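Results of the structural survey
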Amino acid sequence: MSVMVGTGRGALAGVLIKNAEALETLHKVTTLVFDKTGTLTEGKPKITMFADLRILRALECWRLAASLESISEHPLAKAFTQEITGRKVTLSAVTEFRSHTGKGITGNIGEYAVALGNRNFMEELGIELGIASEKTEAWGNHGMTTVFLAANKQLVYVFGIEDPLKSTTAEAIAQLKQAGLRLVMLTGDNQTTANAVARELPLDEVIAEVLPDQKRAVIERLQRDNQLVAMAGDGINDAPALAQANVGIAMGTGTDIAIQSASITLVKGDLRALLRALKLSHATMRNIRQNLFFAFVYNLIGVPIAAGVLYPWFGLLLSPMLASAAMTFSSVSVITNALRLRKLSL
Ligand code: ADP
Ligand code: MG
C-alpha cells in the first residue's frame, strides 16, 4: 500500500519508479555515480573552438566531419550536424561507417578515409598528432572536449566542443553531498575535461576515459567495496552500468535504452528530482514501518483476546463481531497512514 501510494507521489514530482525494490533500496544507497555528458551537463554540445592545420580547405574539413557525424548517434554528433546550416556545408555519402564506442567514428567519403574521435583513438589508429595533441589539455582545462579529424591517416582539423553543466546540477550535487553520500563522476571523456567540469562540484572522485563496458566494471568494483550504488546516466553507453547498479536512474531526456535499463527515471533530467526520490524513499520506508507497527499492535492485543488466552486472568473474550471490526479498523488505519504519503512535500 505504501509503495503504491509512494510511487504515485513520485510520479507527480517527476520521479517515475518502475519497481518497488528501487524505492526500498534507494534510501540505503551510500554511493552515487554520475555520467558526465547529458547527466551532469546539458548534453547539448556546441563547437566553440577549432584549429585548422591547413592541409585541406576548412569547408572541406567541416563537410567530412559533419557527413560522418550525421550517421552517428553519439551526443557529440549533434554539435556537428547543427553547424551544417550556418556554414553552408553540404553532406556527402559515407560508406563503411563504423562507430568505435567510447572512442570515435570512421568511414569513407569520396577519396578520403575519414576518422573522427578523441586522442586515444587517433593514437590507436597511428595518426601523428604533433603539437595539436596538446589541445586536449589546453581546451580540456576549460571543460571542452577535443575531437580530432583525420583524412587518409593525416590529422587535418581539431574541434573544441563545449557542453556546460545543467543550471540545476550544482545545487543538486551540493545537497546530495550534504546528505552524506559519496559522489563519483564516471565518463568516457578525457581526464582533463572531466576534472575541469568537476571543479565546480563537490565530487569525491572523478573516473575518466572509461570505455562503456568498463563503466559496468567500475560499479561492480564499488559494490565489492561494500558500497550500495546508485548510478545516474542517459546514454547507450551507460545502460550496462545502470543495470549493474543497485538502483539505476535514467534521465528522461536520455536514450530509450538507458530508460529501459534503469528502475527510476527522472522525467525532466533534472538532478534535483534525485533528492526528491531520496526523500520519497525514506518517507515510504518510514511509512511501511509505521504500518507494520499498527498491524503488530492490533494483533498483539487482538489475537490473545480472540483466542481466549487472556480469559483466565482478565475474563476477556472477544466476540467474533468485535474481532472482525478490529481487523477492519487495523486495515483502515494502515490504508489511511499510507495515503498520508500523498501529501508528502518533496
Ligand atoms: P561519455 O561517457 O561522456 O558519455 P563516451 O564514452 O560516449 O562519453 O565517449 C567518450 C569519448 O569518445 C568522447 O568524449 C569523444 O571524445 C569520443 N567519441 C565517441 N564517439 C564520438 C563521435 N561520434 N564523435 C566524436 N567523438 C566521439
Ligand atoms: Mg551521457
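Use the structure listed above.
The present account deals with the structure reproduced in this document. Chains are numbered independently. Their residues run from 1 in the order of the written sequence. All chains are assigned letters beginning with A, and all ligands numbers beginning with 1, in the order in which they are written. The model is predicted, so local features are restricted to residues of pLDDT at least 70 and side-chain atom pairs to those at 80 or more, both for listing and for counting; the totals for chains, interfaces and linings are taken over all residues. By convention in this description, side-chain values take in all heavy atoms of the structure and omit both hydrogens and water.

**As for the sheet that holds strand 6 (residues 112–117)**
- With antiparallel pairing, the six strands of this open sheet are ordered in space as 3-8-7-6-5-4. Among the strands making up the open sheet, the edge pair consists of strand 3 (46–52) and strand 4 (95–100). Averaged over all adjacent pairs, the angle separating strand axes in this sheet is 15°, with direction ignored.
- As paired elements, strand 7 (residues 145–151) and strand 8 (residues 154–162) share seven bridges and run antiparallel to each other. Across the sheet, residue Phe-148 finds its bridge partner in strand 8, namely Val-158. In this description, strands pair whenever DSSP reports at least two bridges between them. The secondary structure listing takes helices from DSSP runs of H or I that are at least 4 residues long and strands from runs of E that are at least 2 residues long, numbered from the N terminus. Orientation is described by axes fitted as lines to C-alpha atoms, over the contacting stretch for helices, and by angles from 0 to 180 degrees between their N-to-C directions.

**Section: the sheet that holds strand 9 (residues 182–186)**
- Spatial ordering of the open sheet is given by 1-13-12-11-2-9-10, a layout of seven strands whose pairing is mixed. In this open sheet, the two edge strands, each paired with only one partner strand, are strand 1 (15–17) and strand 10 (205–207). When the angles between neighbouring strand axes are averaged without regard to direction, this sheet yields 20°.
- In this structure, strand 2 (residues 31–35) lies alongside strand 9, joined through five bridges in parallel fashion. Among the inter-strand pairings, Val-33 is bridged to a residue of strand 9, identified as Val-184.

**Topic: the coordination of the magnesium ion (ligand 2)**
- Coordinating donors are taken to be N, O and S atoms lying within 2.8 Å of the metal, or within 3.2 Å when the metal is Na, K or Ca; because water is excluded from the atom set, some sites may appear incomplete. Note on the magnesium ion (ligand 2): its protein donors are Asp-35 (OD), Thr-37 (O) and Asp-234 (OD). The metal-donor distances range over 2.2 to 2.3 Å.
- Sequence spacing of the donors to the magnesium ion (ligand 2): D-x1-T-x196-D. With Thr-37 in helix 3 (residues 36–40) and Asp-234 in the loop between strand 11 (229–233) and helix 11 (239–244), this pair connects stretches of sequence that are 197 residues apart.
- Between buried and exposed lies partly exposed: a residue is buried under 20% and exposed over 50% of the maximum accessible area for its type, with that area taken using a 1.4 Å probe on protein chains only. Since its relative accessible area comes to 12%, Asp-234 is described here as buried.

**As for the site of ligand 1**
- With respect to spatial proximity, 19 residues lie near ligand 1, and among them Thr-37, Glu-69, His-74, Gly-188 and Asn-237 are the closest.
- N or O atoms closer than or at 3.5 Å make up a polar contact, with two conditions inside protein: a donor-capable atom paired with an acceptor-capable one, and, for residues adjacent in sequence, both atoms drawn from side chains. Between ligand 1 and Thr-187 there is a distance of 2.9 Å, counted from an oxygen atom to a side-chain nitrogen or oxygen.
- Measuring from an oxygen atom of ligand 1, one finds a side-chain N or O atom of Lys-215 at 2.9 Å.
- With the chains in place, 96% of the 560 Å² that ligand 1 exposes on its own is no longer accessible.
- Contributions of two or more residues to the shell around ligand 1 are made by strand 5 (104–109) and strand 7.
- Classification convention: Asp, Glu, Lys, Arg as charged; Ala, Val, Leu, Ile, Met, Phe, Trp, Tyr, Cys, Pro as nonpolar; all other residues, Gly among them, as polar. When the residues that make up the shell around ligand 1 are grouped by side-chain class, the tally is three nonpolar, 11 polar and five charged. Whether a residue is near a molecule or strand depends on its heavy atoms: it is near if one of them lies within 4 Å of it. Areas reported as accessible are Shrake-Rupley estimates using a 1.4 Å probe. Residue values count occlusion only from the protein chains shown.

**Quick word on helix 9 (residues 191–198)**
- Of all eight residues making up helix 9, six are buried, and the element is well covered by its neighbours.
- Within the sequence span of helix 9, burial applies to Thr-192, Thr-193, Ala-194, Ala-196, Val-197 and Ala-198.
- Looking at the packing, one finds that the buried side of helix 9 touches helix 3, helix 7 (135–140), strand 7, strand 9 and strand 10. Two residues form a contact once any of their heavy atoms are found within 4.5 Å.

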